[in-house]
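# Fold and contact review
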Amino acid sequence: MPPNTDAAFLREVDEELRRDQLAKAARRYGIAAIAVVLLALFGFGGWLLWQSHEQSVAGEQGEALSKAYEDMGSNRIDSANAKLTTLATSNIGGYRALALMSQADLLLQKQDLRGAAAKFAQVAGDTSIGQPLRDVALIRQTTAEFDSLKPDVVIARLRGIAVKGNPWFGNAGELVAISYLRQNRRDLAGVLYGQIARDPTTEETLRQRAVQMAGVLGVDAVTEAKEQKSQ
């Protein structure tokens, strides 16, 4: 063959070989590829159905919690407890936490401090729940148990929350300050009361208590607190 004819023939053979290889690959892997696509589509569809189901469940549980609060407000305690007991096992962390803490509030009304503390402890120890809610549960657990706890236990438990910048600084800080006083560590208690009094986020009633206690312990928080409020 002339050189140019030979090259053309080789190209045709090469192209035919490639087409044959592609056909074999399609026959070999085509079913698998189709299966992968179908599985992906089914998976996406299942995810959408799951999302829709979760939203529906969340809406139902939110309505149930609202009705439980209505029952509590109308003093229908047994009816409220029944709803809260169901919600306390919810797979949605927020509703589960609120149900447990509401159960704890009902127990506090009965002066069942131990039972209430146990409910708060469940929330505080649940790592699937948001940290701010766990923190307030820990504070309320400690408040319920306070008279039976040693001061060093309270301090160790709440030291990480009783810091400026934490949303529950005032509440946790007051418990820690009282525990310092029970240990006769008046200097540390005074400093902490002063910080609570000067914190602009502190609730007014708590601020007044902190200002008074700081003054008793030799820390002038009155002037500084007024200056901060005027700025």
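Further up the page is the structure itself.
Keep in mind it's a predicted model, so treat the numbers as computed, not measured. (Residues numbered from 1 in each chain as written. Predicted model: local features only at pLDDT ≥ 70, side-chain atom pairs only at ≥ 80, totals over all residues. Heavy atoms only, no water.)

Peptide bonds are mostly trans, and most non-glycine residues show a negative phi. The phi torsion at Asn75 lies on the positive side, around 65°, for a residue other than glycine. You can see Asn75 is positioned in the loop between α1 (3-73) and α2 (77-87). With a phi angle near 65°, Asn184 is a residue other than glycine that sits in the positive phi range. In this fold, Asn184 is placed in the loop between α7 (169-182) and α8 (186-198). (Helix = DSSP H or I, 4+ residues; strand = E, 2+ residues; numbered from the N terminus.)

Right, let's talk about the side chain of Ser179 for a bit. In this fold, Ser179 is placed in helix α7. Apart from residues lying up to four places away in sequence, Ser179 is in contact with Phe146, Pro151, Val154 and Ile155. (Contact = heavy atoms within 4.5 Å.)

Below, the discussion takes up the nonpolar core. The biggest cluster of nonpolar side chains holds 46 residues, and the ones touching the most others in it are Val123, Leu158, Val176 and Leu192. In terms of residue count, helix α3 (residues 93-109) provides more of this core than any other element does, 7 residues in total. Aside from chain neighbours lying at most four places away, what touches Leu192 is Ala162, Phe169, Gly173, Val176, Ala177 and Tyr180. (Core = buried A, V, L, I, M, F, W, Y, C linked by side-chain atoms within 4.5 Å. Buried < 20%, exposed > 50% of the residue type's maximum accessible area, 1.4 Å probe, protein only.)

Before going further, it helps to spend a moment on the packing of α7 against helix α9 (residues 204-216). Between α7 and α9, the shortest axis-to-axis distance is 11 Å and the interhelical angle comes to 30°. By the angle class used here, α7 and α9 are roughly parallel. α9 is crossed by α7, and the crossing has left-handed handedness. Residue-level contacts link Gly170, Asn171, Glu174 and Leu181 of α7 to Leu206, Arg209 and Met213 of α9. In terms of residue class, the contact of α7 with α9 is made up of 3 nonpolar, 2 polar and 2 charged. (Axes fitted to C-alpha atoms, helices over the stretch in contact; angles between N-to-C directions. Parallel < 35°, antiparallel > 145°, perpendicular 65-115°, else oblique. Left-handed = near helix turned anticlockwise from the far one by under 90°. Nonpolar A, V, L, I, M, F, W, Y, C, P; charged D, E, K, R; others polar.)

Their axes nearest at 8 Å, the elements helix α4 (residues 113-124) and helix α5 (residues 131-145) cross at an angle of 160°. Between α4 and α5, the interaxial angle falls into the category roughly antiparallel. Crossing hand, α4 versus α5: left-handed. Contact with α4, carried on its side by Leu113, Ala117, Phe120, Ala121, Val123 and Ala124, involves Leu133, Arg134, Ala137, Leu138, Arg140, Gln141, Ala144 and Glu145 of α5 and no other residues of that element. Per-class residue counts for the contact of α4 with α5 are 10 nonpolar, 1 polar and 3 charged.

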